[in-house]
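Here is how the chains run, residue by residue.
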Amino acid sequence: MIDKRLNREMGHYRLLFFMLVGLSLGSGILVVLQADMLTKIIDGVFLGGLDVAGVEHWLYGLLGIMVLKALLIWLNEFYAHRLAVGIKSSLRERLAGHLLALGPVSIRGEQAGELISLLVEGIENIEPYFARFLPQLVIAAVVPLLILGFVVPLDATTASLLLVTAPLIPVFMILIGKMAEKLNKRQWETLSRLSAHFLDVLQGLTTLKIFGRSVEQVRVIARMSDEFRDITLSVLKVAFISALVLELVATISTALVAVTVGLRLLYYKLAFSQAFFLLLLAPEFYLPLRQLGSHFHAGMAGVSAAERIYHILAMPVGKQHHGTQKLVRQAELAIEFKQVHFGYQGGERPALAGFDLKLMPGEQVALVGASGAGKSTVANLLLGFIEPQQGEILVNGFPLSDITLASWLDQVAYLPQASHLFYGTVAENIRLGRPEASEAAVEAAAVAAGAHEFIAGLPQGYATPVGEGGHGLSGGEKRRIAIARAFLKDAPFLILDEATAGLDAKNEYELQLALKRLMTGRTVLLIAHRLSTVVHADRIVVVDQGRVAECGRHEELIGQKGLYYQLLTAFRGDV
Amino acid sequence: MKPFVRLIAMLAPVWPVMLLAVCLGWLTIAANIGLMVTSAWLIAAAALHPSIAELSVAIVGVRFFGVARAVFRYLERYISHDATFRILSRLRVGFYQRLEPLAPANLQTWQSGELFSAIVGDVETLKDFYLRVLAPPLIAVLTLTGLLLVFQHYSLSLAALVFAGFLLAGIVLPLAVRQVNKGGGSELVAARAALKAYLLDTVNGMTEIAAFDHQQRHLSTIRNLNDHLIRLQGRIAAVSSLSDSWGSLIMNGTLWGVLWLLIPLVRSGTVEGVYLAAMALAVQSSFEAVLPLPMAVHYCQESLAAARRLFRLVDAPAAVLPSGQEQFAEPEQAEVCVQGVSFEYDGLGKVLNRISFSLRPGKRVALIGPSGAGKSTIIHLLLRFWEIESGLITLNGRDYRTINPEAVRRLFSVVSQQTHIFNASIRENILLACPEAGERELMAAVRGAALDEFTAGLPEGLDTQVGNNGQALSGGQRQRIAIARALLKNTPVLLLDEPTVGLDPITAKQIMNTIDTLMRGRATLLITHDLTDVETMDEILVLDQGEVTERGTFAELLNSQGLFARLWHLQQTPLA
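Fair warning: this is a prediction, and the values are worked out from it, not measured in the lab. (Residues numbered from 1 in each chain as written. Chains lettered and ligands numbered in written order. Predicted model: local features only at pLDDT ≥ 70, side-chain atom pairs only at ≥ 80, totals over all residues. Heavy atoms only, no water.)

Engineer: Describe in detail the overall build of chain A, supporting the description with residues and values.
Structural biologist: Within chain A one finds 20 helices and 12 strands. Along the three orthogonal principal directions, the C-alpha set of chain A runs to about 120 × 50 × 45 Å. The buried share of chain A, taken over its 575 residues, is 59%. Put simply, chain A shows about 22,200 Å² of open surface, and 59% of that area lies on carbon and sulfur atoms. Between the centroid of the 51 positive side chains of chain A and the centroid of its 52 negative side chains there is a distance of 3 Å. (Helix = DSSP H or I, 4+ residues; strand = E, 2+ residues; numbered from the N terminus. Buried < 20%, exposed > 50% of the residue type's maximum accessible area, 1.4 Å probe, protein only. Areas by Shrake-Rupley, 256 points an atom, 1.4 Å probe, with all protein chains shown as cover. Lys, Arg positive; Asp, Glu negative; His and termini not counted. Charge placed at Lys NZ, Arg CZ, Asp CG, Glu CD.)

Next up, the structure:
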């Protein structure tokens, strides 16, 4: 019911929280005072025979209480929101920061849609927990006692009636709450699944259409949507029934107070002013408990979301981030892999097994091999997405794990297999390589990458929006923008991952020229399938099953007639 | 049609239920008034010490109202929520149904994050429209009417005061809230959508972000978007807290005024003293009907903004009308003729200019050319994603436009670079092509796509989950799944859009060999940049800037010394 981890989030907002509780207590006292004033006025007019002048001072007192009460309501809501907002923002930032720190390899198993709905709706669900549920919990414990304190000296019978019925409310609430918690969790899971599925279907709509399956997705979506409706309704049904029980206890008790007090009044055992005051206080006694019931379910939604949030926050971030040595910009970079082992899913799916490789400064080494041989893993290790489970990587003789990731990545330019264009202008996308670069530098990088010509032809040139929802670019154009990023970054070490896949021959030739310019004077690791790109490499390393199988220059390897020779003949089409 | 009216129209199938919910909502408030009024009267009457018999009706009444209120409230909530969720469920499905024909032609300008936010988030927002916007004003009017009928009996000024209180709390306050909150609702929806879209872009671009060490930059944009959202929420919260406090003040003020007016009436004997407390409490408890109205305005704005986005999305005209016969006997063999086809995307210049070729059973046509030459557009036209502007495409002699797009697509298998891999098992991803296929056919397709070795090595084999957009797979494995799908679908026409992209040469060769057997007896169109693949083609078309500049067999093109020959030499040189 109460999430300790969430409560800890309050941290320095604790003062705000106690202020909220204080404000609510103030409201509770005002309720009693208002009932008292109202009783005095009605008693005075009805039985005392007074006119307006006779009760005037009470009327003005009542007005003052009413204004004060309105003020407290305003302050209470205002600060409740302030409290929740601070916690929401800090949680959202931490969650987003953690996801970014986890990096692309660790979050591969998570669904983008689910992560995003957690970051947006999930965090929003935290608000009612802090703004309503938690303060109400304290109020429900204190305000009824406060009212009871006024009732006991007046009438012991009513006091005992209130005292007996009040515990029923929390008892019912806990019973029902237990049931609701399980349902709530299921509702959140269903919502996440529904969101992820929608996103998947929307992104794959073209593929579904080609296979004529897009229309039948309506059935799947209808089924999931109905499932979501059913589960939401069953959660709410529990909420409604608990509200019903609470309300029954409260209204029947109020009715009982009215009847018993009325009867004793009839037999001269009680004065009218006492009886009426008790009648006014009885509903106020139950109100905080009932309100707790209505905020309870909103609070539980926050607890369910917190479960997922803390699950992700608990995912470990690689220790490379803890390297402390700053690596200054090196003119030359030598990189060495020493008996590196790595397997995905905690080592279950081995990718590298005793991988050794040495890159000399300015050397251009090409990594070739069948898909799944472990080539991409080498790049992932060098980019700090993952780290060796055994063995080590040395940079100019220093262990990579001792160097801060930021200062290391500053020396690396990476051209991934499929470049992602962010939503933004062409210039912004190129600036990814060096955010502070001038317009002239961006353009120079584009010229060097052979991208300037097509960019100039775009409707708004460098200011044309690209990425999702922007101007569509072909595979070759995207790649040129990625090359321009690398030119702009001007790092001493370059990793090219299948940099020429998916282009036609004419494009490829132009790209080769651009890449050749890019590679000059840098240490380069080239991961390629199009063997035409690797022939000129200083050294070709053939990877097979996570190890280096062959290594040497093009001519040497041809002479060996080994794996490289087989790959090459397949490429030339004369197997 | 206005969004408000359209949202009301959605009520059509459930309106009697909704009306019942309104009545129950009113009865709930009436029962509460009844409870307070009878209790107050009971106590006041008891103070005059009559016989117990005179009080017995009131005693029963107090008990009845106490129980009735809780029961009415329960029924009202249950019924209104059930009906609302039915509407929402229908809305979600309805929106998908309207979106589906728009893809891919008219959805290109939308970020999928926005689409996603619309279908999931905005539909959820509409819940408030049916629960918190429509019923409260009706309930308030019903409650007020009942109260005025009783009060005008005693004094018109009393009735006028109550009316004024309701007017202030129920209309003036909500309008003031709306004035202050102007545009806040739609801004809020937009801010949430912007945050979502940016987060999606961030998650999808995680590789670049990590490699360029841009986490801080993205985090600070997320922080800004979050701050913007929070600021808007804060504005709305400030208004709603003020409106709550004013609501309380108006309610208590009315009670105060009623007392002020009632006291002289009691003194003059117009109102019996025994009713004083009851009438005061009636006024106080009746305000329960008015207090939700200011928030109703806020919910109304928020849900109308969401509705506007949703309607704008689904009201776009479809690029291809689902015209043509639904019933189209699927032929064993298909011949597709493209005759003088030209095409341009809305005002972006000609992509294709008078293209002609034909795909015949057993014939292989290759299409090559620089990227941006319009190769992918041809595939989109063949699949009838867009309507052609001039020229003609025929299928076995029949005009394309007379055949249902679905029926056209049934005849094609596509292996393209943009194939989407769904977050499901490998098996489910392949079976997408033909859900009714048996295990034997499935395994044959898996073998044909050279996936068998890979899947055999997985602990869960074909049932391995591939993750979001197939992220657990390498580029080659993704492509093999696409090929397995095409093998399984087994259609008379084969469209290959760079099928060996990202595969290592040995696997690529194996795949091309498999495709080679698959092409037998089928009409094939191969789009490729790999000129070694086109040697065995019956006809090669060289596309340059939307026009076919050269066509012929491999040998003919090499002899003609044109663009093709130049490309061929380019690709061969590094190996020379």
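The discussion continues.
Engineer: Provide a residue-level description of the overall build of chain B, including the pertinent values.
Structural biologist: Each helix and strand counted, chain B has 20 helices and 10 strands in total. What you see for chain B is a C-alpha radius of gyration of 35 Å, clearly larger than the 25 Å of a compact globule of 576 residues, by over 25%. Taking the principal axes of the C-alpha coordinates as reference, chain B spans close to 120 × 50 × 45 Å. Taken over 576 residues, chain B has a buried fraction of 60%. Relative to all contacts within chain B whose residues are 6 or more apart in sequence, the contacts with residues 24 or more apart total 76%. Only carbon and sulfur atoms are counted for the fraction: they give 58% of the accessible area of chain B, which is about 22,300 Å². Treating the 47 positive side-chain charges of chain B as one cloud and the 49 negative ones as another, the clouds have centres 7 Å apart. (Rg over C-alpha atoms; globule rule 2.2 N^0.38 Å. Contact = heavy atoms within 4.5 Å.)

Engineer: Requested: an account of the packing of helix 3 (residues 52-99) of chain B against helix 11 (residues 293-314) of chain B, with residues and values cited.
Structural biologist: Residue and element names in this part refer to chain B. With their axes 9 Å apart at the nearest point, helix 3 and helix 11 run at an angle of 35° to one another. Contact residues: helix 3 offers Phe95, Arg98 and Leu99, while helix 11 offers Leu310, Phe311, Leu313 and Val314. Grouping the constituent residues of the contact of helix 3 with helix 11 by class yields 6 nonpolar, no polar and 1 charged. (Axes fitted to C-alpha atoms, helices over the stretch in contact; angles between N-to-C directions. Nonpolar A, V, L, I, M, F, W, Y, C, P; charged D, E, K, R; others polar.)

Engineer: Describe the environment of B:Leu557, with residues and values.
Structural biologist: Residue and element names in this part refer to chain B. Looking at the element boundaries, Leu557 is found in helix 19 (residues 554-560). Between the C-alpha atoms of Leu557 and Leu259, which are 298 residues apart in sequence, the distance is 102 Å. Contacts of Leu557, omitting those with residues within four sequence positions, involve Ile540, Val542, Glu550, Arg551, Gly552, Gly562, Phe564 and Ala565.

Engineer: Can you break down the sheet that holds strand 9 (residues 539-544) of chain B residue by residue, with the values?
Structural biologist: All names here are of chain B. Here 6 strands make up an open sheet; going across it, the order is 6-7-8-3-9-10 and the pairing mixed. Either end of the sheet is taken by a strand with one partner, and the two such strands are strand 6 (412-415) and strand 10 (547-552). In this sheet, adjacent strand axes meet at a mean angle of 15° when their direction is disregarded. As defined by bridge partners, strand 3 (residues 364-368) adjoins strand 8 (residues 523-527) across 4 bridges and the pair is classed as parallel. Across the sheet, the residue bridging to Val365 is Leu525, located in strand 8. Along the sheet, helix 12 (residues 375-382) makes contact with strand 3, strand 6, strand 7 (493-497), strand 8 and strand 9, crossing strand 8 at roughly 150°. (Pairing = 2+ DSSP bridges.)

Engineer: Please give an account of the side chain of A:Gln136 that cites residues and values.
Structural biologist: Relative to the elements of secondary structure, A:Gln136 occurs in helix 5 (residues 126-154). For A:Gln136, the contacting residues outside a window of four places in its chain are A:Pro288, A:Gln291, A:Leu292 and A:His295.

Engineer: Which residues make up the side chain of B:Thr524, and what values go with them?
Structural biologist: All names here are of chain B. Structurally, Thr524 can be placed in strand 8. Take Thr524: its relative accessible area is 0%, and that puts it in the buried class. Contacts of Thr524, omitting those with residues within four sequence positions, involve Leu359, Lys363, Arg364, Val365, Leu494, Leu496 and Met519.

Engineer: Which residues make up the interface of chain A and chain B, and what values do they have?
Structural biologist: With 151 residues of chain A at the contact, the number on the chain B side is 151 residues. Roughly 14,200 Å² of surface becomes buried between chain A and chain B when both sides are summed, with 70% attributable to carbon and sulfur atoms. Seen at the junction of chain A and chain B, the total is 4 salt bridges. Note that B:Arg223 and A:Glu93 form a salt bridge whose closest N and O atoms lie 3.2 Å from each other. Applying the counting criterion to the chain A and chain B interface returns 28 residue pairs in polar contact (both at pLDDT 80 or more). (Buried area = accessible area lost by both parts, 1.4 Å probe. Salt bridge = Lys/Arg side-chain N within 4 Å of Asp/Glu carboxyl O. Polar contact = N/O pair within 3.5 Å; in protein donor to acceptor, adjacent residues only side chain to side chain.)

Engineer: Can you tell me about the environment of B:Gly391, naming the residues and giving the values?
Structural biologist: Residues and elements named next belong to chain B. Of note, Gly391 is situated in strand 4 (residues 390-395). Classification of Gly391 by relative accessible area gives partly exposed; the value is 33%. A C-alpha to C-alpha distance of 8.9 Å links Gly391 and Ser356, two positions 35 residues apart in sequence. Gly391 has contacts with Gln339, Gly340, Val341 and Arg401, leaving out every residue within four places of it along the chain.

Engineer: Go over the domain arrangement of chain A, please, and point to the residues and values.
Structural biologist: Each assigned domain of chain A is listed with its residue range as follows: domain 1 (4-313), domain 2 (333-411 + 492-503 + 524-575) and domain 3 (419-490). Each of domain 2 of chain A and domain 3 of chain A has a C-alpha centre, and the two are 28 Å apart. (Domains from an automatic or database assignment.)

Engineer: Break down the pairing of strand 7 of chain B for me, with residues and values.
Structural biologist: All names here are of chain B. Within strand 7, 5 of the 5 residues are buried, which leaves the element mostly enclosed by the surrounding structure. Residues Val493, Leu495 and Asp497 of strand 7 are buried on one face, and the alternating residues Leu494 and Leu496, pointing to the opposite face, are buried as well. As judged from the 4 bridges shared by strand 6 and strand 7, these two strands associate in the parallel manner. Bridge assignment links Val414 to a residue of strand 7, and that residue is Leu495.

Engineer: Now, about the domain arrangement of chain B: what can you tell me, with residues and values included?
Structural biologist: As far as domains go, chain B holds domain 1 (3-314) and domain 2 (336-575). Of note, the centres of domain 1 of chain B and domain 2 of chain B, computed from C-alpha atoms alone, are 56 Å apart.

Engineer: If you had to explain unusual backbone geometry to someone new, which residues and values would you point to?
Structural biologist: Not every positive phi belongs to a glycine, and A:Lys561 is a case in point at roughly 55°. Here A:Lys561 lies in the loop between helix 19 (554-560) and helix 20 (563-572). Residue classification places A:Lys561 among the exposed positions, given a relative accessible area of 55%. One non-glycine residue, B:Arg354, lies in positive phi territory at about 45°. Within the element layout of this structure, B:Arg354 appears in strand 2 (residues 350-359). Under the relative-accessibility criterion, B:Arg354 is labelled exposed at 64%.

Engineer: Before we move on, can you summarise the confidence of the model for chain B with the specific residues and values?
Structural biologist: Confidence along chain B averages 85 in pLDDT terms, with 91% of residues attaining 70 or more. Interface scoring of the predicted complex returns ipTM 0.82; its pTM is 0.73. (pLDDT = per-residue confidence, 0-100.)

Engineer: How would you explain the pattern of salt bridges if you had to name every residue and give the values?
Structural biologist: Residues and elements named next belong to chain A. Considering all chains together, one arrives at 39 salt bridges over all chains under this definition. Salt-bridge contacts for Glu114 lead to Arg308; the nearest nitrogen and oxygen are separated by 2.9 Å. One end of the pair, Glu114, is in helix 4 (residues 112-124); the other, Arg308, is in helix 10 (residues 272-313), with 194 residues separating them in the sequence. Assessed through its relative accessible area of 16%, Glu114 is described here as buried. The shortest N-O distance in the salt bridge between Arg539 and Glu363 comes to 2.7 Å.

Engineer: Would you mind going over the packing of helix 9 (residues 217-266) of chain A against helix 3 of chain B in detail, with residue names and values included?
Structural biologist: The contact between helix 9 of chain A and helix 3 of chain B brings their axes to 9 Å, and the two run at 170°. Judged by the inter-axis angle, helix 9 of chain A sits roughly antiparallel to helix 3 of chain B. Between helix 9 of chain A and helix 3 of chain B lies a crossing whose hand is right-handed. Classifying every residue of the contact of helix 9 of chain A with helix 3 of chain B gives 29 nonpolar, 8 polar and 11 charged. (Parallel < 35°, antiparallel > 145°, perpendicular 65-115°, else oblique. Left-handed = near helix turned anticlockwise from the far one by under 90°.)

Engineer: Please provide a residue-by-residue account of the sheet that holds strand 2 of chain B, values included.
Structural biologist: Residue and element names in this part refer to chain B. Read from one edge to the other, the open sheet built from 4 strands follows the order 2-1-4-5, with strand pairing classed as antiparallel. Single-partner strands in this sheet number two, and they are strand 2 and strand 5 (398-399). Pairing of strand 1 (residues 336-344) with strand 2 involves 6 bridges; the strand directions are antiparallel. Bridging from a neighbouring strand, Cys337 pairs with Ser358 of strand 2. Across the sheet, helix 12 lies against strand 1, strand 2 and strand 4, angled at about 60° from strand 2, the strand it touches most.

Engineer: Tell me about the packing of aromatic side chains, and please be specific about residues and values.
Structural biologist: For the coordinates displayed, the defined rule picks out 22 aromatic pairs over all chains. When the centroid spacing of 5.2 Å and the interplanar angle of 55° are considered together, the rings of B:Phe166 and B:Phe287 count as tilted. One end of the pair, B:Phe166, is in helix 6 (residues 156-180); the other, B:Phe287, is in the loop between helix 10 (276-286) and helix 11, with 121 residues separating them in the sequence. Each of the two residues, B:Phe166 as well as B:Phe287, counts as buried. By way of ring pairs, the aromatic residues A:Phe46, A:Phe272 and A:Phe276 are connected into one cluster. Taking NZ or CZ as reference, B:Arg6 lies 3.7 Å from the ring centre of B:Phe311, over its face. When the ring centre of B:Tyr299 is taken as reference, the NZ or CZ atom of B:Arg132 above it lies at 5.3 Å. (Phe/Tyr/Trp six-rings, centres within 6.5 Å; stacked < 30°, edge-to-face > 60°. Lys NZ or Arg CZ within 6 Å of the ring centre and 35° of its normal.)

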